[in-house]
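Tertiary structure, described
Listed below, chain by chain, are the residues.
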Amino acid sequence: MAYETLLTEVDEAVAIITLNRPDALNAFNNALMDELTEALDRFDNDASIGCIVITGSKKAFAAGADIKEMREQSYLDAYYADFITRNWERASRMRKPVIAAVSGYALGGGCELAMMCDFILAAENAKFGQPEITIGVSPGAGGTQRLTRFAGKSKAMEMCLTGRMMDAEEAERCGLVSRIVPTDDLVDEARSVARKIASLPRATAMMTKEMVNAAYETTLSQGVMFERRLFHSLFATEDQKEGMEAFVEKREPHFKNR
Ligand code: CAA
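Residues numbered from 1 in each chain as written. Predicted model: local features only at pLDDT ≥ 70, side-chain atom pairs only at ≥ 80, totals over all residues. Heavy atoms only, no water.

A few words now on a nonpolar patch on the surface. Taken together, the side chains of Tyr75, Leu76, Tyr79 and Tyr80 present a nonpolar region at the surface, about 560 Å² in accessible area. You can see leucine 76 is positioned in helix α3 (residues 75-81). (Patch = residues over 30% accessible without salt bridge, like charges linked within 9 Å, V, L, I, M, F, W, Y side chains within 5 Å. Areas by Shrake-Rupley, 256 points an atom, 1.4 Å probe, with all protein chains shown as cover. Salt bridge = Lys/Arg side-chain N within 4 Å of Asp/Glu carboxyl O. Helix = DSSP H or I, 4+ residues; strand = E, 2+ residues; numbered from the N terminus.)

Close contacts around the ligand come from 24 residues, with Lys59, Ala65, Gly109, Glu112 and Glu132 the closest. Alanine 65 is positioned with one of its backbone polar atoms (N or O) 2.9 Å from an oxygen atom of the ligand. Taking 990 Å² as the accessible area of the ligand by itself, protein coverage stands at 66%. Among the elements of the structure, α2 (67-70), β6 (105-107) and α4 (109-116) are those that each provide at least two residues to the shell around the ligand. With three residues, α2 is the single largest residue contributor to the shell around the ligand. Along the lines of polarity and charge, the residues of the shell around the ligand split into 14 nonpolar, four polar and six charged. (Near = heavy atom within 4 Å. Polar contact = N/O pair within 3.5 Å; in protein donor to acceptor, adjacent residues only side chain to side chain. Nonpolar A, V, L, I, M, F, W, Y, C, P; charged D, E, K, R; others polar.)

This brings us to a negative patch on the surface. Taken together, the side chains of Glu124, Asp167, Glu169, Glu172, Asp185 and Asp188 make up a negatively charged region of the molecular surface. Relative accessible area serves as the criterion here: at 35%, glutamate 172 is assigned to the partly exposed category. (Lys, Arg positive; Asp, Glu negative; His and termini not counted. Charge placed at Lys NZ, Arg CZ, Asp CG, Glu CD. Buried < 20%, exposed > 50% of the residue type's maximum accessible area, 1.4 Å probe, protein only.)

This brings us to unusual backbone geometry. The residue leucine 25 is not glycine, and still its phi comes out positive at about 50°. Relative to the helices and strands, leucine 25 resides in the loop between β2 (14-19) and α1 (30-44). A residue is classified by how much of its surface remains accessible, and leucine 25, at 28% relative accessible area, is partly exposed. Phi is positive for asparagine 257, close to 55°, though the residue is something other than glycine. Mapped onto the elements of the fold, asparagine 257 is located in the segment after α11 (238-248).

Let's shift gears to the pattern of salt bridges. All chains considered together, the criterion is met by 16 salt bridges. Two residues, glutamate 38 and arginine 42, come together in a salt bridge whose shortest N-O distance is 3.9 Å. In this pair, glutamate 38 and arginine 42 are both assigned in helix α1, four residues apart and thus about one turn of the helix distant. We classify arginine 42 as partly exposed; its relative accessible area is 29%. When the shortest N-O distance is used, the salt bridge between glutamate 89 and arginine 146 registers 3.4 Å. With glutamate 89 in the loop between α3 and β5 (98-102) and arginine 146 in helix α5 (residues 143-151), the pair connects residues that are 57 residues apart, well separated along the chain.

Dropping the structure here:
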């Protein structure tokens, strides 16, 4: 399917979505958000896909919501149309694993989209920030909540109150990104990690994602119980039998996502 603001590629069981508004550093206008939502829906529901990568250009993952599109909005325009914020939670409701491969700027909504993904691989040139205060607004797609959970109150507060950007090394130190890769290798590395995830038992990956996410929503004892129930349920899958048999027989497993 052809999009105006995205490029999509399917590479066996991996889908790669590239944000593609180069003239606006991939700023999110409503057209891009609608197309991104459509693409995420499509790949989440496509049985041949096991993992999704969202990336941008070398210069910008995304520079946030489109300021030129937003500037004339009134409060009620924004409120009634859920302008800019509509569709925003789609990425955080994906059932399949989603990797953000961030090169260059991930600012405002760009940082927020990256944080909605399951983990962030950062290029050496990545820069993260919530600069909304410098244009008179606050983060509006979860930035104050998710950055605080990743980086802690002090760093999140400083970044949201000043608009300061952090580089890839600071982002790795504070746990915002899983690791840093050379800028030119970012997409290949993300593709290879996504292939690895897609090659593993699908239901186990999807449930493991639910378990990790539960750590942000529940008490420790509720989260541990949730994990235990899903762990037990995986013994109902053929892939559990195959995985353990292959280990004992010292051979490669052949998973069927059953
Ligand atoms: N919206 C619309 N257009 C944008 C944009 C944005 N968020 N960010 C960049 N652009 C456009 C610029 O206007 C420019 O277009 P023209 O060539 O037509 O002038 C083009 O992209 C290139 O940008 P710059 O010339 O500014 O490039 P630079 O290398 O000098 O600076 C930058 C790069 C530091 C990222 C700078 O563009 C910038 O500060 N962008 C805005 C970042 C921002 O404030 N984001 C938060 C948006 S609000 C938000 O996201 C709300 C939310 O939480 C949902």
